[in-house]
Amino acid sequence: QTKQGERKQYVGFATLPNQVHRKSVKKGFDFTLMVAGESGMGKSTLVNSLFLTDLYKDRKLLNAEERINQTVEIIKHTVDIEEKGVKLKLTIVDTPGFGDAVNNNECWKPITDYIDQQFEQYFRDESGLNRKNIQDNRVHCCLYFIPPFGHGLRPVDVEFMKALHEKVNIIPLIAKADCLTPNEIKKLKDRIREEIDKFGIKVYQFPECDSDEDEEFKQLDKELKECTPFAVIGSNTVVEARGQRVRGRLYPWGIVEGMHTRIFHVCSALFMENQSHCDFVKLRNMLIRSHMHDLKDVTCDVHYENYRAQCIQEMTSKLAQDNRMESPIPILPLSTPDVDTEKLIKMKDEELKRMQEMLNKMQQQMHDKEQ
Amino acid sequence: FHALECERFSICNEEKRNLSLGGHVGFDSLPEQLVSKSVTQGFCFNILCVGETGIGKSTLMNTLFNTMFENEEASHYQNGVYLRPRTYDLQETNVRLKLTIVDTVGFGDQINKEDSYKPIVDYIDTQFENYLQEELKIKRSLFNYHDTRIHICLYFIAPTGHSLKSLDLVTMKKLDSKVNIIPIIAKADTISKSELHKFKIKIMSELVSNGVQIYQFPTDDETVSEINASMNAHLPFAVVGSVEEVKVGNKAVRARQYPWGVVQVENESHCDFVKLREMLIRVNMEDLREQTHARHYELYRRCKLEEMGFKDTDPDSEPFSLQETYEAKRKEFLGDLQRKEEEMRQMFVNKVKETEAELKDKERELHEKFEQLKRMHQEEKKKVEDKRGYLEEEMNAFNKRKAAAETLSLSQPVKKDKDKKNRSVNMENQSGVSASSSKVMMAKANVEPLNCQSWWQAIQCCTCLVHNATWRPGGLF
């Protein structure tokens, strides 16, 4: 910790990051990931591949007629995983049934309701008196699977993303990308990016690089941003290729090496490009290794704050209509409606003061006259 | 607020399973991600130094942070205690620290120290209040809010060698539920080793027996539990501060030079400075911040909200919608407010009546006085009128007499005039009547034409004529 020659100058608060590190490891982390998209897009497979585990044992797949009037369900799976002493409580929120019915009007409503409900719960907990053990169930990220078979975004895709883009971080993915050649992938990505702009959809933006990062990192960051939306392939099968066991998909025409990885550095958020046939590794690195915390921060600082502000405004506008009220949740009074009331009160106060002064003066005068 | 239809979604909340991973996923970088974010944001830390004037607070801060924070010596003659916060931006390698040092100026100087603790408690509460206000705002930005809450209170105990002072006990008792306290023995170079040992024991036992809760270095994290536990046993830290350097051996170290030796600040056998620095800055700074936020601030917040009338929700109760709570509270408070409004209105009406009655009384009084004054004035006027009448009568009488005298003088023989002429020079009176003075006066008046405009003037003229008359007893010359 002490450097030679600077020994006298060293105070020691440079250890603060280490202290923070130590405490965070002790406390553990949590993360909630939502996956959305039609059945058969490879959502479950992708989640298993991302976390190298099997979350979906024994699940039941519905057949077509069972899905005609399918309503969207919300299913949560929570697991505790640990790696190198770091504990993570991971929650995957599944949305089976989305887009499966014949009439999919507002099929995203249960999803938005769910997200809102988590916000509301957190808001209530945060406003309570005893805040020792608040559980954070807010959704930090939503992976949205776009089918690769079309020419870009479909109406349901647009509507879904527009309904959610101000409630959760959306990361759009092109699912099952192994049916597209590299050119087709590029065309589709460009098309989707265009349409996202056109429809004003706000997907999750990677934060800008610090200006003092090195060039290599900046270059990688740039490439990452130009690669969105990620085209992914998921696989639960491990195949042997070139003497290594990799996760991949086996076709008569060769192996798509989906999960083959090379070297990774952890702490400094530097990751080497690898020989992948899809963007799976980019997605994993971004989602887990470098931006997981940022996804949480954006959820807390932006989406949740927006929800909270909206909530309070609705409540206070009701209060304002009632004109004299107490709120069930501790909030400060809205400045706009109360400004008038306050002004009124101030005016009345001043009037009273003036009258009092006049009274005093008159009393004084009479007192003087007496004398 | 959305009322959720529970059939629409089901939470298949399987018991949390511990799964084993099939490879390296990579979320072990989460602590690093968190750290990198907090380094970018910068840290802030706020220290409150409580202790008598001159006990070494500023010097210790300078020594701890190796910086000469500008401060002049404080005076002993402050009227009361006041708190002086100063903020500094420090940096070490890539870590930026916004340090605020709050000094208690005038502490311990007053003759009556009963209220000395109040400004300190108020200051701490104000910082909590500011944070609470920010937290309750609609548009809030807690992540770049400059946190001014006090993270640590260093309480400076005077090195008497005996025990705590009464002021120390009282103050610490008031502060222990609001802030992390680390008691330190200041200017410890005046105490010998054996005295120090006894002193520490006495202080700690007094604190314990009076239920003062000082900050305990945390022992729940295995990485640091050992060192923290051993340091807890050394409290209170006996410190010596110095920014001057003395050459010891071939090094220049921070020390205090006495004729009988050199007290080295960073020598652990001389004082506990190094222990304090280690605990306060290098090991537990983050824990102090956390405790302030999670314990002291939460306590303040809970009390404040309870004061404002919010009750805690029963943990077993059904999750009710905010809508219903709102309606219930609404009814309750509407009733309350109406009642209060009535009370106030009644009070106001009464007050107005009172004041009106008072005013009426005063008016009546005034009126009476006025009448009285009027009467007096009338009386005076009458008196003056009477006098005037009297004076006029006199004047008339006088004029009559004057007329009579005139006719009298006109009927006198001439030779009297000649006699008069023979006698003297300045003789204005040609009537030559010798007689009583009044007659002379009248004669004089007869000759002199009266130029006066008013009877008042006339009287005056006569008077001055009389005055000017050169007359000797026996007659006029």
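Residues numbered from 1 in each chain as written. Chains lettered and ligands numbered in written order. Predicted model: local features only at pLDDT ≥ 70, side-chain atom pairs only at ≥ 80, totals over all residues. Heavy atoms only, no water.

Per an unreviewed UniProt entry, chain B goes by the name Septin and belongs to Astatotilapia calliptera.

Where an unreviewed UniProt entry is consulted, chain A appears under the name Septin, with the organism given as Astatotilapia calliptera. The annotation that UniProt attaches to chain A under Subcellular location (unreviewed entry) is "Cytoplasm". (UniProt positions renumbered as here; feature names shortened; annotations may be inferred.)

A.B. asks: Lay out the sheet that holds strand β3 (residues 82–92) of chain B with the relevant residues and their values.
C.D. replies: Residues and elements named next belong to chain B. Strand order across the open sheet formed by 6 strands is β3-β4-β2-β5-β6-β7, with mixed pairing between neighbours. Looking at strand neighbours, the two that pair on one side only are β3 and β7 (237–238), the edges of this open sheet. Pairing between strand β2 (residues 43–50) and strand β4 (residues 95–105): 7 bridges, direction parallel. What sits directly across from N46, in β4, is T100. (Pairing = 2+ DSSP bridges. Helix = DSSP H or I, 4+ residues; strand = E, 2+ residues; numbered from the N terminus.)

A.B. asks: Account for the packing of helix α1 (residues 16–27) of chain A against helix α1 (residues 30–41) of chain B, naming residues and giving values.
C.D. replies: Axis separation between α1 of chain A and α1 of chain B bottoms out at 9 Å; the angle between their running directions is 140°. Relative to α1 of chain B, α1 of chain A is oriented oblique. When the axes of α1 of chain A and α1 of chain B are compared, the crossing they make is right-handed. Facing P17, V20, H21, S24 and V25 of chain A of α1 of chain A, the residues of α1 of chain B in contact are P31, E32, L34, V35, S38 and V39 of chain B. Residue composition of the contact of α1 of chain A with α1 of chain B, grouped by class: 7 nonpolar, 3 polar and 1 charged. (Axes fitted to C-alpha atoms, helices over the stretch in contact; angles between N-to-C directions. Parallel < 35°, antiparallel > 145°, perpendicular 65-115°, else oblique. Left-handed = near helix turned anticlockwise from the far one by under 90°. Contact = heavy atoms within 4.5 Å. Nonpolar A, V, L, I, M, F, W, Y, C, P; charged D, E, K, R; others polar.)

A.B. asks: So what's going on with the UniProt feature "site: Important for dimerization" (unreviewed entry) in chain A? Residues and values would help.
C.D. replies: Residue and element names in this part refer to chain A. Here, the residues flagged by UniProt with the feature "site: Important for dimerization" (unreviewed entry) are F149. Along the chain, F149 turns up in the loop between β4 (141–146) and α4 (155–164). Residue F149 is classed as exposed on the basis of its relative accessible area, which comes to 60%. Once residues within four sequence positions are removed from consideration, F149 is found in contact with M41 and C179. (Buried < 20%, exposed > 50% of the residue type's maximum accessible area, 1.4 Å probe, protein only.)

A.B. asks: Before we move on, could you go through the sheet that holds strand β9 (residues 251–258) of chain B and cite the residues and values that matter?
C.D. replies: Residue and element names in this part refer to chain B. The antiparallel open sheet is built from 3 strands, whose spatial order is β8-β9-β10. The sheet is open, and its two edges are formed by β8 (245–248) and β10 (261–264), each paired on a single side. Each strand axis lies, on average, 65° off the axis of its neighbour in the sheet, ignoring direction. Pairing analysis gives 4 bridges linking β9 to β10, with the strands arranged antiparallel.

A.B. asks: An account of the packing of aromatic side chains is needed here, citing residue identities and associated values.
C.D. replies: Under the defined criterion, the tally for this structure stands at 17 aromatic pairs over all chains. A ring pair is formed by F98 of chain A and F160 of chain A, whose centres lie 4.8 Å apart and whose planes are at 70°; its orientation type is edge-to-face. Highlighted residues: F98 of chain A in the loop between β3 (86–94) and α3 (109–127) and F160 of chain A in helix α4, separated in sequence by 62 residues. Since its relative accessible area comes to 0%, F160 of chain A is described here as buried. Arranged with centres 4.3 Å apart and planes meeting at 35°, the rings of F69 of chain B and Y88 of chain B form a pair that is tilted. Of this pair, F69 of chain B sits in the loop between α2 (57–65) and β3 while Y88 of chain B sits in strand β3, placing them 19 residues apart in sequence. As far as burial versus exposure is concerned, F69 of chain B and Y88 of chain B are alike and both buried. A connected cluster of aromatic rings, assembled from ring pairs, spans F128, Y131, Y145, Y297 and Y300 of chain B. Note that R138 of chain A overlies the ring of Y122 of chain A, its terminal NZ or CZ placed 3.6 Å from the centroid. (Phe/Tyr/Trp six-rings, centres within 6.5 Å; stacked < 30°, edge-to-face > 60°. Lys NZ or Arg CZ within 6 Å of the ring centre and 35° of its normal.)

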